[in-house]
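Per-entry structural report
Single-letter residue listing:
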Amino acid sequence: MKRIINYLGFALLTALLFVGCKKENQSEKSQSTQMENIQVSDYGVTAKGDSIKKYTLTNKNGMKVEVINFGGIITSLTAPDKDGKYEDVVLGFTKPEGYFDGNPYYFGALIGRFGNRIANAKFTLDGKTYDIDKNDGPNSLHGGKEGFHTKIWTVEPIGNAETPSLKLTYVSNDGEEGYPGKLTTTVVYTLTKDNALEIAYEATTDKTTIVNLTQHSYFNLSGKFTQPITDHELQLDADQFLPVNSTLIPTGERRNVAGTPFDFKTPKLIGKDINSDDEQVKLGKGFDHNWILNGTGLRKIATVYHSGTGRVMEVSTDQPGVQFYSGNFLDGKFDTKTGGKNEHRTGFCLETQHFPDSPNEASFPTVVLKPGEKFQSKTIYKFSVKK
């Protein structure tokens, strides 16, 4: 009897060890698969001596997104064409120094604390006036010269093998670029199995402040960065837009798009009305305006189609506005990743956001964030093909 008990005990111990080893191997396999979908490599060294890393996310289809921890910048994003060929569809620099030394076009960058413009680089909050960095004529643009696009973010790979993700965190101290409050921001990039890039934003503060976060990638669905984007077809779900003054600050008016060059309610070539005599088009040197989006909550707000490649990009967001910028200030000073120069209108942006100059315009949706509150937002760029 004693011999039987010993045998059963030995068998049970062997079984437990086998199960444990199997689980450990499965765990190691899962981690290995995840790391195969998130590759980390050296990218470059800043003038201050900071070593910058590049994180490459890959989904099961072969789509890739490359992100650096400097500015949370997307340096590359591939999408398939009608022949199944994956090509990079976001503009960027050919050398790391382009991003490190100012990034004058904000290529691929996370933008904060406040995306877009604030008039006269000042705003009043709880009776106190704050002067912020004046880096766009008389105004402040995209958080100032040393905005979030110039900061080194902490990066943590998360998610699973099917949906590789990166969690980026940056803590902006009270008074940075003139803004009140210590703002802790997290952004999660997720590459889904259906070729979508999801961007989830969160922010908290220890003092009442303002926040307006966005992503500033320039797209060219042709995959050829010297080709103008005027041959792309755009549809925007917006009945109104915000007219601007001579320094591109909204006037406060909400104008119907019907009967104007700003009507993209049905698909229209970007180039069709881009050289119109319309005063607003002239002020923006093309399109550089905020559209007031229809609906609320997470919904599809834009579709872009390039007939030459068959590529389609759908944009969804829970934000009230989107800045459609047609690359009017690209000036050919830098080389593109496909040869040639980044010339006038060779990329476009769809920056989901709250409205420009919201802190100074009471009728616009609020951008105030208070202690104990959490700012949350999501935007999705989904890529597909129309043959």
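Everything below is about the structure printed above this text.
These figures come from a predicted structure and were not determined experimentally.

Looking at the overall build of the protein
In terms of helices and strands, the protein carries 3 helices and 27 strands. For the protein, whose C-alpha radius of gyration is 24 Å, the value lies close to the compact-globule estimate of 21 Å for 387 residues. C-alpha extents for the protein along the principal axes are approximately 100 × 55 × 45 Å. Within the protein, buried positions represent 52% of all 387 residues. Expressed as a percentage of contacts within the protein between residues at least 6 apart in sequence, the contacts between residues at least 24 apart total 65%.

A few points about the pairing of strand β3 (residues 64-68)
Within β3, 4 of the 5 residues are buried, leaving the element largely enclosed by the surrounding structure. As paired elements, strand β2 (residues 51-58) and β3 share 5 bridges and run antiparallel to each other. Counted as the bridge partner of Leu-57 is Val-65 from β3. Count of turn residues in the β2/β3 antiparallel hairpin: 5 residues, of which Gly-62 carries a positive phi of about 100°. Sheet topology note: the β3/strand β4 (residues 74-80) ladder contains 3 bridges and is antiparallel. Bridge assignment links Glu-66 to a residue of β4, and that residue is Ser-76. Linkage of β3 to β4, two consecutive antiparallel strands, is achieved through a turn of 5 residues, within which Gly-71 is found at a positive phi near 70°.

A closer look at the sheet that holds β4
Two strands in a sheet stick together by hydrogen bonds in their backbones, pointing the same way (parallel) or opposite ways (antiparallel). Strands sit in the order β1-β2-β3-β4-β5 across an open sheet of 5 strands; the sheet is antiparallel. Sheet topology places β1 (38-45) and β5 (86-88) at the edges, where each strand pairs with a single neighbour. Within the sheet, the average angular offset between the axes of one strand and its neighbour, ignoring direction, is 20°.

Focus on the packing of aromatic side chains
As enumerated under the stated definition, the model contains 30 aromatic pairs in all. Judged by centre distance (5.5 Å) and plane angle (40°), the ring pair of Phe-262 and Trp-291 falls under tilted. Note that Phe-262 is positioned in the loop between β19 (255-256) and β20 (268-269) and Trp-291 in strand β21 (residues 288-293), a separation of 29 residues in sequence. Judged by its relative accessible area of 0%, Phe-262 falls in the buried class. Note on Trp-291: relative accessible area 0%, which makes it buried.

Rules used in this analysis
- Residue numbers restart at each chain and count upward from 1, following the sequence in its written direction.
- Totals for whole chains, interfaces and linings use every residue, but because this is a predicted model, local features are given only for residues with pLDDT of at least 70 and side-chain atom pairs only at 80 or more, for both listing and counting.
- Calculation of side-chain values draws on the structure's entire complement of heavy atoms; hydrogens and water are dropped beforehand.
- We count a stretch as a helix when DSSP gives it H or I for four or more residues in a row; a strand needs E for two or more, and each element gets its number in order from the N terminus.
- The globule rule used here is 2.2 Å times the number of residues to the 0.38 power, and the radius of gyration it is set against is calculated over C-alpha atoms.
- We call a residue buried when its accessible area falls under 20% of the maximum for its residue type, exposed when it is over 50%, and partly exposed in between, using a 1.4 Å probe and counting protein chains only.
- We call two residues in contact when some of their heavy atoms are within 4.5 Å.
- Should DSSP find at least two bridges between two strands, the strands are regarded as paired.
- Lines fitted to C-alpha atoms define the axes here, with helix axes fitted over just the stretch in contact, and angles between the N-to-C directions of these axes take values from 0 to 180 degrees.
- Only Phe, Tyr and Trp rings are paired, with Trp represented by its six-membered ring, and only when their centres lie within 6.5 Å; those with planes under 30 degrees apart are stacked, over 60 edge-to-face, the remainder tilted.

Geometric descriptors of this kind do not, in isolation, establish any biological role.
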